Amino acid sequence: ALYGVQSLSVQQIKDRVSGRYPEAAKLPERPELDGLLQQFIPTLGWDAQAGAYVNQTKEFPSLSSSTSFARTPTGTFSPDGQEITPEEADARLLEDRLTRGIKEGSFLALLVNPKRYQQAREELCQRFPVQLVDYEALFLDALRQVADKAKVKWELVLQTDATPGSGDWNKLMLLVGRAMPLVEAELLKADKTVLMIYPGLLARYDQMPLLERLREKVGREDGIPGLWLVLPNGQQAMIDGKAVPLLSPGQRAKITDEWLENRHRATLAPEPSS
């Protein structure tokens, strides 16, 4: 509920958590809330001047841990034929697939250990000419637009969202249906391969067919150059239990720690001369 945010007030945190998890226990007030948040989002700290919790790592907040993530300096393999490990070989194959995917256009489900999700996003953005899209933010903006146009209070939308399948859920789904063309139109404006993060609401609102439509648009004149989905799942191409519509195993790839650490491009130190 708090994933990827830059700043939140105490009340906003309570609203987000209770809206998404209505059966959860109520959150405590400050300062007890400070310690609770630190267990799960170490970078989200209280800023007295702002009167809110603010992410200390402004560009790439992480939910994993405060432990630094080492990245090997980029270099080349030595020409002496020194053997590389299978893990390094896999990393090189992934690098080749991604490079080719950018050139030729591709639809890929990129699986990554949830603890490495933010590092994967950062590395992909740094290394490839992609257009980063936070699907959750894009969808919620569109949903709010249609709710405002229909004169539906946002508080009512949040209350309905908290109890899937009951109350005014059908009415909420009508709003979702009106929002999706706005979302799709915005995505189709991309002039680079789309790197989509936080796609969970696609599954929550049964909008997985959007991925099928976008997949079919990859590489077409009226479509997009490519679409890469970054999924916090190390084994399966799933979004909250629902399968990503892949046409073949070739549309699935795993981002390994070796690739993130850049071992496949690391300089192999020469042996000291005698």
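Up top you'll find the structure we're talking about.
Everything numeric here is computed off the predicted structure, so don't read it as measured data.

> Help me get a handle on the sheet that holds strand 3 (residues 52-55), residues and values and all.
Working definition: the strands of a sheet are paired by backbone hydrogen bonds and lie parallel or antiparallel to each other. The strand order across the open sheet built from three strands is 1-3-2, with neighbouring strands paired in antiparallel fashion. Of all strands in the sheet, those with a lone pairing partner are strand 1 (7-8) and strand 2 (44-47), marking the two edges. Looking at chain direction, strand 2 and strand 3 are connected through four bridges and run antiparallel. Paired with Trp46 across the bridge in strand 3 is Tyr53. The sheet strands contacting helix 2 (residues 32-40) are strand 2 and strand 3, and the helix crosses strand 2 at an angle near 155°.

> I'd love a proper account of the sheet that holds strand 7 (residues 227-231), names of residues and values included.
The strand order 5-6-7-4-10 describes an open sheet built from five strands, whose pairing is parallel. Taken across any chain shown, the strands that pair with only one partner, and hence form the sheet edges, are strand 5 (130-134) and strand 10 (252-255). Here the strands of the sheet are splayed against their neighbours by 25° on average, with no regard to which way each runs. Strands strand 4 (107-112), strand 5, strand 6 (193-197), strand 7 and strand 10 of the sheet are contacted by helix 3 (residues 86-104), whose axis makes an angle of about 125° with strand 10.

Criteria and cut-off values
- Residues numbered from 1 in each chain as written.
- Predicted model: local features only at pLDDT ≥ 70, side-chain atom pairs only at ≥ 80, totals over all residues.
- Heavy atoms only, no water.
- Pairing = 2+ DSSP bridges.
- Helix = DSSP H or I, 4+ residues; strand = E, 2+ residues; numbered from the N terminus.
- Contact = heavy atoms within 4.5 Å.
- Axes fitted to C-alpha atoms, helices over the stretch in contact; angles between N-to-C directions.

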